[in-house]
Every structure is written in structure tokens, then in C-alpha cells.
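Residue-level listing of the chains:
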Amino acid sequence: GGRGDTRARAVVMLPVRDGGDAKRRKTHADADADGGHGKGAARVDVPPPPPGGGMGAQSTATARDTESWRVSGHDAGQRRERFGAGTSGTISLAVMDRAQREKAKSETKLLEEKEHEFHLKQTKVRADIRIKEGRAKAIDLIARNVFAESYVEFDAFVNPLTVLSGLTLSDMEELKKDLEDVRDLDTKHARRREFWLAMIGVTLEAIKEARAKEEAERARIRGQTTEREEGTSLHTDIDDDVVEIVSGKSSAELAELESEITAQIQGPDASEVEYWSEVLKRISTAKTKANVEEMHSALKVKFEREEIEDAGRKRAAFFVCGGQRRCRRRSSWRRFR
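The shown structure was predicted, so the numbers you read here are calculated from the model rather than taken from an experiment. (Residues numbered from 1 in each chain as written. Predicted model: local features only at pLDDT ≥ 70, side-chain atom pairs only at ≥ 80, totals over all residues. Heavy atoms only, no water.)

## Observations concerning the overall build of the protein
Within the protein one finds twelve helices and two strands. When burial is assessed residue by residue, the protein has 23% of its 337 residues classed as buried. For the protein, the exposed surface amounts to about 24,000 Å²; the carbon and sulfur share of it is 53%. (Helix = DSSP H or I, 4+ residues; strand = E, 2+ residues; numbered from the N terminus. Buried < 20%, exposed > 50% of the residue type's maximum accessible area, 1.4 Å probe, protein only. Areas by Shrake-Rupley, 256 points an atom, 1.4 Å probe, with all protein chains shown as cover.)

Below, the structure is given as C-alpha cells:
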């Protein structure tokens, strides 16, 4: 008692249940301040550590370190139980996040493909409607054959190159835009995509040629000359040579010829570069036209064969049904006899 009177007194917060409520324990000084009638109050003397850091200070520090280690170990255990050892929790969350992004990306791609398919069907429907109503556009005639599913829908007399040659400059520009729109939508069918790309290339060359002719015509009206007219003799010679070179060649043969001329122009012993460059441009255009022509011919042969086979099946079915009908008639005559 006497030793405790010489030491400072500290206030310690300890829960004391009295009537279900946790209340604050008080020291002698607090109790005296309340007149000694504090309800639920308990007097606790907590001696401070002795000066100089004796055994009491060491025990307090050891207890504090032990408690700190226990709490940190408990928290670490909870983290391991929740996320796994080490940084696996962070990795797991990253993997889950990446998987969700991949799933969302695939779903978005699927929706885009479905949307493209829908617009392609609408393109075919609109083409059929305009053709039936007699107001068909160039893209309608071309797309109907490309998207044809049977010989009934295919028109063998509609050649894409023939359609293009009968267009004005404004119609060609409109066709180019329509072809690009269909190309952007038709992404799943590789062969059709090659056709659209080739047709766009041919249309671009036709537009370039039509603009050059219009420019030459305007210059003639004004009494001027153009670069095209100044180099008429050279262009005429090149055109004649190219016609002779590309005549009867397939797109694969023209592609091989194009590679040979390109290597010749880029080689160290290149000569007449201007001439061969112009020849190369015309061979490239001829190759693109050959691609379009070959794709159209392949569709034509396919549907002609399909039509012949269907006609043969119909003839066979007609003869079979005719024989059965005669047999049924004869049996009925016998029955009435």
C-alpha cells in the first residue's frame, strides 16, 4: 500500500459488465472525485515501470513483441486462407480479370459477326427488291450473282466487268462505295472477299481512266493539251504490247509475270524503267480483271452444272411418276371390270 502511494497512478480502460453494459473502471482519484459512489467502478492500481528500464520494462517490451507477432501471424494466416500463399491471391485476381476480358471480347466479336450477317442478308433482300421493281443499281446486279444460292437466283448474262463498262463516272464512284461497304460486312467468306477486293481494284482503275478522259475532253474544248495526249504514242505502244503479253493468260500466270518484271525493274541492270513501269501497271490491272472474270466463270459453271443435274432429276422423277400413274389406272380398270 505504501509503495503504491509513491507512484503515479494511471487510468486503464477495462470492460466491466454491470447490468449488461461495459463501463469504465476508475482509479482512486476518479472514485474520490465521484464521492466513492461510482456504480460499476473498480479501483485498479497500475504501477508504472521502474526508472532505468529494469526487468519490468523488459517484460513489458517482450509481451508487446509477443502480442505483435501473434497478431501479425494471425493476419498472415487469414491472408493465406483467403488468397493462398505468397502473391498467388494477386495472380488469381489478375487471371480472373484477364479471363473476363477475353470472354467479353469474344462475346463482342460474336455480336459483330451476327450484325454483319444480318446486314448482308438485308443487302441481298434490297437488291432483289430493286431488281424486281426495275430500278436496280450496279451493286444489286453484281451482289445477286455473288450471293446466289441456286441456279434460279444466278443470272449468267450479268458479267461484273460488263456492268462496270456501262457506267458513268458518278455511277462508278457510287459502285466503289457500295463495294467497300459489302467488303467490310462480308468477312467470313474468303473467296467472296477476294472477289470484292478485285472488283474494287478494277473499279478504281475504271474511275481513274474515266477522269483522265474527262480531263482530256475539257482540255480539248479549251484548246489545251494534257500529259496523256503528249504521251499518246508511248501509251499506244505500251497498250499494244500489254494486250499481246496478257492475252490468254490466267491470273496466276499474270501474277508470276508481274513478279518477274518487278524484279527486273529493281535489279542492278535495269533498263527502260519508265516503259516497264507502265507495262507493270497494266499487267496488274489485267491480273485484277482476270481474277474477277475467273470468279464469275466459276460461279457460272457451278450453277450450270447444278441446273443440268436438277433437270435430270426432274426427268427421272417424271418418268417414274408416269409409270406409277399408268399402273394405278390399269389396276382401277381391272377392279371396275
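## Describing the packing of helix α7 (residues 169-185) against helix α8 (residues 190-222)
The N-to-C vectors of α7 and α8 enclose an angle of 160°; their axes lie 9 Å apart at closest approach. Comparing their axes, α8 and α7 come out roughly antiparallel. In the packing of α7 onto α8, the handedness of the crossing is left-handed. In this structure, α7 uses Leu169, Met172, Glu173, Leu175, Lys176, Leu179, Glu180, Val182 and Arg183 to contact α8, whose residues at the interface are Arg193, Trp196, Leu197, Met199, Ile200, Thr203, Leu204, Ala206, Ile207, Ala210, Arg211 and Glu214. Class assignment for the residues of the contact of α7 with α8 results in 13 nonpolar, one polar and seven charged. (Axes fitted to C-alpha atoms, helices over the stretch in contact; angles between N-to-C directions. Parallel < 35°, antiparallel > 145°, perpendicular 65-115°, else oblique. Left-handed = near helix turned anticlockwise from the far one by under 90°. Contact = heavy atoms within 4.5 Å. Nonpolar A, V, L, I, M, F, W, Y, C, P; charged D, E, K, R; others polar.)

## Concerning the pattern of salt bridges
The full count for this structure, using the stated rule, is 22 salt bridges. Here Lys314 and Asp310 are joined by a salt bridge, their closest N and O atoms 3.5 Å apart. In this pair, Lys314 and Asp310 are both assigned in helix α12 (residues 273-336), four residues apart and thus about one turn of the helix distant. When salt bridges with common partners are traced through the structure, they connect Lys124, Glu149 and Glu153 into a single cluster. (Salt bridge = Lys/Arg side-chain N within 4 Å of Asp/Glu carboxyl O.)

## Remarks on the packing of helix α5 (residues 138-146) against α7
Where α5 meets α7, the axes come as close as 9 Å, and the angle between the chain directions of the two elements is 35°. Considering only the axes of α5 and α7, their crossing is right-handed. Contacts between α5 and α7 involve Ala138, Ile139 and Ile142 on the former and, on the latter, Leu175, Asp178, Leu179 and Val182.

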